[in-house]
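# What the coordinates show
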Amino acid sequence: MAEHPHEPRRGAPGMAGHLHVPAGGAAHGPYALDIGPERAGWTYASLRVLELRPGGSHHLATGDAEWIVLPLAGACDVLVDGQAVGLRGREGVFASATDFAYLPRDAHARISSGAGGRFALAGARCERRLPVRHGPAPDVPVESRGSGRTARTVRNFASADAFACDRLIAVEVVTPPGNWSSYPPHKHDEAVAGKESVLEEIYHFELTGVGYQRISPSRPGGSDLLAEVRSGDTVLVPDGWHGPSIAPPDGPLYYLNVMAGPVRSWEITFREGHGGAYR
């Protein structure tokens with residue numbers, strides 16, 4: 001698939017304080033987290049975390065973006081343009097993969113939950129309007145990646161080859177205690193046909209205790225971050241080598257990855273000089 005030229009990012013964050021968003025640092029209205037292109041300083045990718053009390057509901061206008069409703073904890077019902085999608089959800093992100101709902105652009109949705117819960121809304125500005133769909137939990141491809149201290153589990157619920165979207169790519173990663181994931185460090189900030197695609201990326205973490213996230217510059221003046229991450233924290237990756245993501249020794253590390261770019265293709269370049277098995 002031919003790549004588009006690299007698109008400069010408008011005001012891409014260049015300071016660590018902009019790349020690392022502590023829990024609550026981007027709360028807005030009903031959202032515990034609300035990061036879109038304007039907040040991130042880029043073009044496509046968005047992530048919101050909606051917290052609903054028992055019996056609560058929320059109205060969402062999708063606008064120029066496609067969205068996936070992903071239960072983090074709890075169940076919900078989604079009504080979009082008159083079509084109902086019931087999500088059984090899960091107890092929490094470490095329990096299992098979950099079912100999810102795809103919402104097209106230019107739609108109006110209502111998300112409601114009888115028992116309450118937390119729900120991620122992963123989004124990407126897009127061109128095509130695809131149909132509303134339910135993604136069943138048993139259909140989510142679950143992959144064991146890496147080995148030894150780089151072993152982790154990847155739930156490819158909306159990877160580029162698992163679920164049809166226009167621009168959005170989203171996966172979940174669970175890293176065992178003390179292990180490294182997103183390793184070896186890799187990047188996707190240049191358009192190199194057949195080798196690398198341009199993708200903005202968001203990491204959203206859940207864990208007990210403290211983990212670590214590294215971003216290293218891939219170009220002069222590029223993104224540079226070494227952050228202690230706690231549950232509810234978010235890291236933005238507009239460019240650069242990202243990884244490792246390091247789990248604490250006494251508990252697993254979860255992160256939700258949301259990616260989007262001019263072409264929906266996950267092609268990455270690994271940083272030379274780092275050991276470890278990616279697969």
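For the structure itself, look to the data block above.
Counting of residues starts from 1 at the beginning of each chain's written sequence and follows it residue by residue. Where totals are concerned, whole chains, interfaces and linings use all residues; where local detail is concerned, this predicted model gives features only for residues with pLDDT of at least 70, and gives and counts side-chain atom pairs only at 80 or more. Heavy atoms throughout the structure, all of them, feed into the side-chain values; hydrogens and water do not.

## Some details on the side chain of Glu267
- Among the structural elements, Glu267 can be located in the loop between strand S21 (253-260) and strand S22 (269-270).
- At a separation of 3.1 Å, a polar atom in the side chain of Glu267 contacts the side chain of Ser265. Counting from the N terminus, the helices are DSSP H or I runs at least four residues long and the strands are E runs at least two residues long. For the purposes of these results, a polar contact is taken to be a pair of N or O atoms within 3.5 Å, where, inside protein, one atom must be able to donate a hydrogen and its partner to accept one; residues adjacent in sequence count only when each atom of the pair is a side-chain atom.

## Side note on the layout of surface pockets
- Using a 1 Å grid laid over the protein atoms alone, points where a 1.4 Å probe fits but cannot get out form a cavity; open sets with protein on both sides within 12 Å along at least 5 of 7 lines form a pocket; any residue with an atom within 4 Å of a point counts as lining. Grid points are joined across faces, edges and corners, and a volume is the space filled by probe spheres set on the points. What the second largest pocket holds in volume is close to 190 Å³.
- Considering the residues around the second largest pocket, the lining is formed by 14 residues, among which Pro37, Glu38, Ser46, Arg48 and Trp67 are closest to the centre.
- Considering every element that reaches the lining of the second largest pocket, the biggest residue donor is helix H2 (residues 37-40), with three residues.
- Class assignment of the residues belonging to the lining of the second largest pocket gives a composition of five nonpolar, three polar and six charged. For this classification, Asp, Glu, Lys and Arg are treated as charged, while Ala, Val, Leu, Ile, Met, Phe, Trp, Tyr, Cys and Pro are nonpolar and the rest, including Gly, are polar.

## Here we look at the packing of aromatic side chains
- Two rings from Phe, Tyr or Trp (for Trp, the six-membered ring) form a pair when their centres are within 6.5 Å of each other. A pair whose planes differ by under 30 degrees is stacked, one over 60 is edge-to-face, and the rest are tilted. The full count for this structure, using the stated rule, is eight aromatic pairs.
- A ring pair is formed by Tyr102 and Phe163, whose centres lie 6.1 Å apart and whose planes are at 55°; its orientation type is tilted. Of this pair, Tyr102 sits in strand S7 (residues 100-103) while Phe163 sits in the loop between strand S12 (152-158) and strand S13 (169-175); the two residues are 61 residues apart in sequence, bridging distant segments of the chain. The pair formed by Tyr102 and Phe163 is uniform in burial state, with each residue classed as buried.
- Through successive ring pairs, a cluster of aromatic residues spans Phe100, Tyr102, Phe157 and Phe163.
- Arg133 extends its terminal NZ or CZ atom over the ring of Tyr102, reaching a point 4.4 Å from the ring centre.
- Both a distance and an angle decide whether a charge sits over a ring: NZ of Lys or CZ of Arg must be within 6 Å of the ring centre and within 35 degrees of the ring normal. Geometry around Trp241 places Lys187 over its ring, the cationic atom sitting 5.7 Å from the centre. Only protein chains enter the accessibility calculation, which uses a 1.4 Å probe. A residue is then buried if its area is under 20% of the maximum for its type, exposed if over 50%, and partly exposed in between.

## Looking at unusual backbone geometry
- For the bond running from Tyr183 to Pro184, omega is 0°, close enough to zero to count as cis.
- Take Pro184: it is sitting in the loop between strand S14 (180-181) and strand S15 (186-187).
- Going from Gly243 to Pro244, the amide bond is cis rather than trans, its omega being 5°.
- Looking at the element boundaries, Pro244 is found in strand S20 (residues 241-246).
- Even without being glycine, Asp106 reaches a positive phi, approximately 55°.

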